[in-house]
Amino acid sequence: MNFLIRMGIPEMEELWNDLQAKHRNGTISKKEEELYKKWGKAYNYRNRYHSE
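Note that the structure is a prediction, hence the values are computed from the model and not measured.

**Q** How should the overall build of the protein be read in this particular structure?
**A** When helices and strands are tallied, the protein shows 2 helices and 0 strands. As presented, the protein carries roughly 4900 Å² of accessible surface, and 53% of it is formed by carbon and sulfur atoms.

Okay, structure coming up:
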């Protein structure tokens, strides 16, 4: 059974896209980098252990 996980509100998706772009461009602040890493770790955990 496959599910599509979506961000709860549009602002969350905008924030994630902004963090990704800043990370890739190297313009991310230290606080934003910390949030980006934690958020990414949570996604990886969810994909690894809850993919079924």
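**Q** Would you explain the pattern of salt bridges in this entry?
**A** Pairing between side chains of opposite charge can happen when their charged atoms approach one another. Under the defined criterion, the tally for this structure stands at 4 salt bridges. Ionic pairing is found between Glu32 and Lys22, a salt bridge with its closest N-O pair at 2.9 Å. Taken as a pair, Glu32 in helix H2 (residues 30-49) and Lys22 in helix H1 (residues 10-25) lie far apart in primary sequence, 10 residues in all. For Glu32, a relative accessible area of 22% gives the class partly exposed. With relative accessibility at 25%, the residue Lys22 sits in the partly exposed group. Put simply, Lys38 and Glu34 hold a salt bridge, and the shortest N to O gap is 3.6 Å. Within this pair, Lys38 and its partner Glu34 are both found in helix H2, separated by 4 residues, close to a single helical turn.

**Q** Sorry, what's going on with the nonpolar core here?
**A** As a rule of thumb, nonpolar side chains are buried together in soluble globular proteins. If you look at the biggest cluster of nonpolar residues, it comprises 5 residues: Trp16, Leu19, Ile28, Tyr36 and Trp39. For Ile28, the residues in contact, after removing those within four places along its chain, are Leu19, Lys22, His23, Glu33 and Tyr36.

**Q** I tried to follow the side chain of Glu33 on my own but got confused; where do I start?
**A** Looking at where Glu33 falls in the secondary structure, it is placed in helix H2. Classification of Glu33 by relative accessible area gives buried; the value is 16%. When neighbours within four sequence positions are excluded, Glu33 is seen to be in contact with His23 and Ile28.

Calculation rules
Residues numbered from 1 in each chain as written. Predicted model: local features only at pLDDT ≥ 70, side-chain atom pairs only at ≥ 80, totals over all residues. Heavy atoms only, no water. Helix = DSSP H or I, 4+ residues; strand = E, 2+ residues; numbered from the N terminus. Areas by Shrake-Rupley, 256 points an atom, 1.4 Å probe, with all protein chains shown as cover. Salt bridge = Lys/Arg side-chain N within 4 Å of Asp/Glu carboxyl O. Buried < 20%, exposed > 50% of the residue type's maximum accessible area, 1.4 Å probe, protein only. Core = buried A, V, L, I, M, F, W, Y, C linked by side-chain atoms within 4.5 Å. Contact = heavy atoms within 4.5 Å.

Nothing here speaks to function; it is all geometry.
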